[in-house]
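A structural walkthrough
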Amino acid sequence: MLRRPRRNRKSEVIRELVVETQLMKSDLIFPLFMVEGNSIQQEITSMPGIFRFSVDKLMDEIHECLQLGIKTFCLFPAFDDKYKDKYASISHHPDNFYLKAIARIKKELPEACVMTDVAMDPYSSDGHDGIVENGKILNDETLEVLGKMSLAQAQAGADIIGPSDMMDGRVEYIRELLDDHGFIDVSIMSYTAKYASAFYGPFRDALDSAPKSGDKKTYQMNPANIKEALIEAEMDELEGADILMVKPALSYLDVVSELSRASNLPIAAYNVSGEYAMLKAAGEKGWIDGEKAMLEVLLSIKRAGAKIILTYFAKEYAKLNV
Ligand code: PBG
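Rules used throughout
Residues numbered from 1 in each chain as written. Predicted model: local features only at pLDDT ≥ 70, side-chain atom pairs only at ≥ 80, totals over all residues. Heavy atoms only, no water. Helix = DSSP H or I, 4+ residues; strand = E, 2+ residues; numbered from the N terminus. Expected span 1.5 Å × (residues − 1). Contact = heavy atoms within 4.5 Å. Near = heavy atom within 4 Å. Polar contact = N/O pair within 3.5 Å; in protein donor to acceptor, adjacent residues only side chain to side chain. Areas by Shrake-Rupley, 256 points an atom, 1.4 Å probe, with all protein chains shown as cover. Nonpolar A, V, L, I, M, F, W, Y, C, P; charged D, E, K, R; others polar. Salt bridge = Lys/Arg side-chain N within 4 Å of Asp/Glu carboxyl O. Buried < 20%, exposed > 50% of the residue type's maximum accessible area, 1.4 Å probe, protein only. Axes fitted to C-alpha atoms, helices over the stretch in contact; angles between N-to-C directions. Parallel < 35°, antiparallel > 145°, perpendicular 65-115°, else oblique. Left-handed = near helix turned anticlockwise from the far one by under 90°. Phe/Tyr/Trp six-rings, centres within 6.5 Å; stacked < 30°, edge-to-face > 60°. Patch = residues over 30% accessible without salt bridge, like charges linked within 9 Å, V, L, I, M, F, W, Y side chains within 5 Å. Lys, Arg positive; Asp, Glu negative; His and termini not counted. Charge placed at Lys NZ, Arg CZ, Asp CG, Glu CD.

Looking at helix 2 (residues 55-68)
Taking 1.5 Å of rise per residue, the 14 residues of helix 2 would be expected to cover 20 Å, and the 20 Å separating its terminal C-alpha atoms lies within 8% of that figure. Elements in contact with the buried residues of helix 2: strand 1 (28-35), strand 3 (47-53), strand 4 (72-78), helix 3 (97-108) and helix 11 (314-320). After helix 2 finishes, the residue glycine 69 shows a positive phi value of roughly 100°.

Thoughts on the environment of glutamate 144
In this fold, glutamate 144 is placed in helix 4 (residues 139-156). On a C-alpha basis, the gap between glutamate 144 and leucine 177 in space is 10.0 Å, while along the polypeptide they are 33 residues apart.

What to know about the site of the ligand
As a matter of local geometry, the ligand sits amid 18 residues, with Lys194, Arg204, Lys247, Ser273 and Tyr312 nearest to it. For the ligand, a nitrogen atom lies 3.1 Å from a polar atom in the side chain of aspartate 129. Within the contact set of the ligand, an oxygen atom lies 2.7 Å away from a side-chain nitrogen or oxygen of serine 273. Considering the ligand on its own, with 400 Å² of exposed area, one finds that the protein chains cover 100% of that surface. Of the residues contributing to the shell around the ligand, the split by class is eight nonpolar, three polar and seven charged.

Side note on the pattern of salt bridges
What the rule picks out here adds up to 18 salt bridges. In this structure, aspartate 121 and lysine 216 form a salt bridge, with 3.3 Å as the shortest nitrogen-oxygen distance. A residue pair is termed long-range when its members are at least 10 positions apart, and aspartate 121 in the loop between strand 5 (113-118) and strand 6 (131-133) and lysine 216 in the loop between helix 6 (201-207) and helix 7 (227-238) qualify at 95 residues. Overall, aspartate 121 belongs to the buried group, its relative accessible area being 5%. Each of Asp27, Lys302 and Lys307 takes part in salt bridges that share partners, so that together they form one network.

Here we look at the side chain of glutamine 153
Examined against the element boundaries, glutamine 153 turns out to sit in helix 4. Judged by relative accessible area, glutamine 153 falls into the buried class, the value being 0%. Residues within four places of glutamine 153 in sequence aside, it is in contact with Tyr98, Leu99, Thr116, Asp117, Val118, Tyr123, Ala158 and Ile161.

With respect to the packing of helix 4 against helix 5 (residues 170-180)
Remark: helix 4 packs on helix 5, axes separated minimally by 9 Å, with the N-to-C direction vectors making an angle of 45°. In this view, helix 4 runs oblique relative to helix 5, as classed from their interaxial angle. Handedness of the crossing formed by helix 4 with helix 5: right-handed. Listed contacts from helix 5 to Leu143, Glu144, Leu146, Gly147, Lys148, Ser150, Leu151 and Ala154 of helix 4 are Arg170, Tyr173, Ile174, Leu177 and Leu178. Split into classes, the residues belonging to the contact of helix 4 with helix 5 amount to eight nonpolar, two polar and three charged.

Regarding the packing of helix 7 against helix 8 (residues 253-262)
It is at 10 Å that the axes of helix 7 and helix 8 come closest, and there the two elements cross at 40°. With respect to their mutual orientation, helix 7 and helix 8 come out oblique. Note on packing geometry: the crossing formed by helix 7 with helix 8 is right-handed. Contacts between helix 7 and helix 8 involve Ala229, Leu230, Ala233 and Glu237 from the former and Val255, Glu258, Leu259 and Ala262 from the latter. For the contact of helix 7 with helix 8, a count of residues per class yields six nonpolar, no polar and two charged.

Observations regarding the packing of aromatic side chains
According to the stated counting rule, one finds 13 aromatic pairs in the structure shown. Ring centres of phenylalanine 51 and phenylalanine 53 lie 5.7 Å apart, and the angle between their planes is 45°; on these two criteria the pair is classed as tilted. With a relative accessible area of 22%, phenylalanine 51 lands in the partly exposed category. Judged by relative accessible area, which is 2%, phenylalanine 53 ranks as buried.

Some words on a negative patch on the surface
Taken together, the side chains of Glu36, Asp80, Asp205 and Asp208 present a region of like negative charge at the surface. Along the chain, the position of aspartate 205 falls in helix 6. Relative accessible area serves as the criterion here: at 48%, aspartate 205 is assigned to the partly exposed category.

Considerations on unusual backbone geometry
A cis amide bond links lysine 247 with the next residue in sequence, proline 248, at an omega value of -10°. By secondary structure assignment, the location of proline 248 is in the loop between strand 10 (243-247) and helix 8. Positive phi outside glycine occurs at methionine 166, with the angle close to 65°. In this structure methionine 166 comes out as buried when scored by relative accessible area, which is 4%. Positive phi is not limited to glycine here, since aspartate 208 has a value of about 50°. Checked against the element boundaries, aspartate 208 lands in the loop between helix 6 and helix 7. You can call aspartate 208 partly exposed: its relative accessible area is 44%.

If you want it as structure tokens, here you go:
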């Protein structure tokens, strides 16, 4: 035998020398959920270890994460039903607690990099990412709402805007609006290939944002398709996106890999709530080693081609100090 691949696995040192993929804390973005109020920290039943925070508690959490080396946070607001309407008006209203929290974080913890979510669902009485009219989601009318929301978030101090709505043309619409208002330095991480997935369940519990009727299949992508992801990627690039995201991550590693070959932009993958819940549940039951499985999952997402990983494991990973 001339070739013995096992020689490169013979010791820890050799294995480290030949390692092809290394995960770093700086690859990770930590999604955080927020509620209005004070001194609130409610654990999400289907996401052990993940909480809804009021702004005061959120500041503590972000501070702690910064110390651990996690520097980018993707914030999602849970709004009470009383604020929700057909046009998601509260999303760009100055009284909105989410916008106020962003401003406070950027003022008191300026080293925190803040990513915001742009979609109507947390603010919409219909629970959809766009305006619903006679059971249909209106694309072009929705862009106006998304634009106002993005602008309000940029004004509050967001570093990265994350349109997660999957309306056509929204990246260009948002980019132009931001530029027209002088926000040329605000980045856009587009949810480029966001699939209509069963893995968002725990997130919708966290925000109470599930659609009141129908599903999201007329805007989120069919899990059967990958060429379509390339079309979305091509459009988002032309429309001025800075980073392209694939979501969910684990059932779509082929999409991550394909996009990382097709585009020169950095690729991100969202290790979503259902993926987190699965691992946590099996780990709690003792059916898998939760910590090892987490490391393997995060590594696999990076190996597939994602430079950036949005994951609810970010803090736990950082605490391990591996
Ligand atoms: C909403 C949005 C969703 C997620 C991020 N932004 C849910 C959805 O589209 O229904 C899911 C994140 C997760 O499951 O962790 N636009």
